[in-house]
Structures are given as structure tokens and as C-alpha cells.
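Take a look at the letters that make up each chain.
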Amino acid sequence: MIPAMHAGPLPRLWSLGERAIAALEHLQPAAQLVARWYVASVFFRSGLTKLRDFDTTIALFMDEYQVPLLDPTVAAVAGTAGELVLPVLLAFGLAGRFAAAGLGVVNLVAVLSLAEIAEAALQGHVFWGSLLAALLLWGPGRWSLDRWAVPALRRRVLGASAQADTLRRDTPDAHPARR
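Not measured: the values here are computed from a predicted model. (Residues numbered from 1 in each chain as written. Predicted model: local features only at pLDDT ≥ 70, side-chain atom pairs only at ≥ 80, totals over all residues. Heavy atoms only, no water.)

Can you walk me through the overall build of the protein chain in this structure?
If you tally the helices and strands in the protein chain, you get 7 helices and 0 strands. Secondary structure elements of the protein chain, listed N to C terminal, follow the sequence α-α-α-α-α-α-α. Scored against the burial criterion, the 179 residues of the protein chain give a buried share of 27%. Pairs at least 24 residues apart make up 64% of the contacts formed inside the protein chain by residues separated by at least 6 positions. For the protein chain, the accessible area works out to roughly 12200 Å², and carbon and sulfur atoms hold 69% of it. (Helix = DSSP H or I, 4+ residues; strand = E, 2+ residues; numbered from the N terminus. Buried < 20%, exposed > 50% of the residue type's maximum accessible area, 1.4 Å probe, protein only. Contact = heavy atoms within 4.5 Å. Areas by Shrake-Rupley, 256 points an atom, 1.4 Å probe, with all protein chains shown as cover.)

Below, the structure is given as C-alpha cells:
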């Protein structure tokens, strides 16, 4: 076995890098929470705007938005409902991945249904889509209702034998590469 060299700047730099990564990983739940709240507020406010003047919303879906495969009134109701319900789920982190996926669809349809979209508006949609994709891939985080609800629901659905198998994605032991 070759003895490890612990003197010099490289080991200290490596150790500093590992401590910085550990500190960043401790910030993940806060970042996921902020991302959830930010995106939820954007879509919820949009839904409230549509709801305040629903006649105009229907007119926009008939004349301006070209939603494929849906009747304009159905699209207006579905879009408004999605923008009011899914952000609430996302903000609380309840069915967080489902809410992120649903809002991702709403976001994509919004971009695709407009014949012309300003560059700044497109960039906003890209940013929201990126945050939603991250929440879909990595989940709503430790500071979410899913953190407690999913394991309990899993045990209830799969039975007591599943208790030992309960997924613990947010614990350090679940990530062997980090050890």
C-alpha cells in the first residue's frame, strides 16, 4: 500500500472543495423550496388573472392562443384550473413531481400556442421550464409534504413489508457515491 501524502496545497485544496460541496448540499432543500415557491407564484398569479376576467380569457383562447386538439373553452378552463391548482400543490411540495410535470405541460403549451412570442417572454418560460424540470428530476426536496406523505402512503399501498424498503432519497446514506 502506498502511503498517502497529506502535506502541501493540493490536499488542503481538495479538502476545502469537499467542505464547500457539503455546504452546498445542505442548501439544496432551501433552493428547492425557493424554486417551488417562485414558480408556483408565477403560475398562480397567471391563473388569477385569467379567472378575474374569464370572458376575456375565453376570447384569448378562441382568437390568440392556438391550443392543439382542444376546444378553446375547454383549453381555457383546463389552463386556468391547472394554473390555480398545480401551483398550490407545488408550493407545499404535495405531489410535487406531478405538479412540476403538470406545470411543465402548461408552460410548454403556453409557448407553443402563441404564434408570436417576445424574446423576453420566451426567456421567462425557458427559466420556469428549467426550474420545473429540476423539480421533476430531483423532487420537491426535504422541506416538502412529500417528504413525509410519500413513505407513509407507500407503506399503506404496498403493506408493512414495504416499510423496510421505503425509499430515502434525501438521506446521505442513499447516495453511496457521496461517502
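Sorry if this is basic, but what is going on with the packing of helix α4 (residues 72-92) against helix α5 (residues 96-113) here?
Packed helix pairs are specified by the crossing angle of their axes together with the interaxial distance, meaning the distance between the axes. Between α4 and α5, the shortest axis-to-axis distance is 8 Å and the interhelical angle comes to 145°. Classified by chirality, the crossing of α5 by α4 is left-handed. Across the interface between the two elements, G82, E83, L86, P87, L89 and L90 from α4 touch G96, F98, A99, A100, G102, L103 and V106 from α5. (Axes fitted to C-alpha atoms, helices over the stretch in contact; angles between N-to-C directions. Left-handed = near helix turned anticlockwise from the far one by under 90°.)

Would you mind going over the packing of helix α3 (residues 54-63) against α4 with me for this structure?
The contact between α3 and α4 brings their axes to 8 Å, and the two run at 125°. With respect to each other, α3 and α4 are oriented oblique. As α3 runs across α4, the sense of the crossing is right-handed. Across the interface between the two elements, F54, T57, I58, F61 and M62 from α3 touch P72, T73, A75, A76, V77 and T80 from α4. Among the residues forming the contact of α3 with α4, the class breakdown is 8 nonpolar, 3 polar and no charged. (Parallel < 35°, antiparallel > 145°, perpendicular 65-115°, else oblique. Nonpolar A, V, L, I, M, F, W, Y, C, P; charged D, E, K, R; others polar.)

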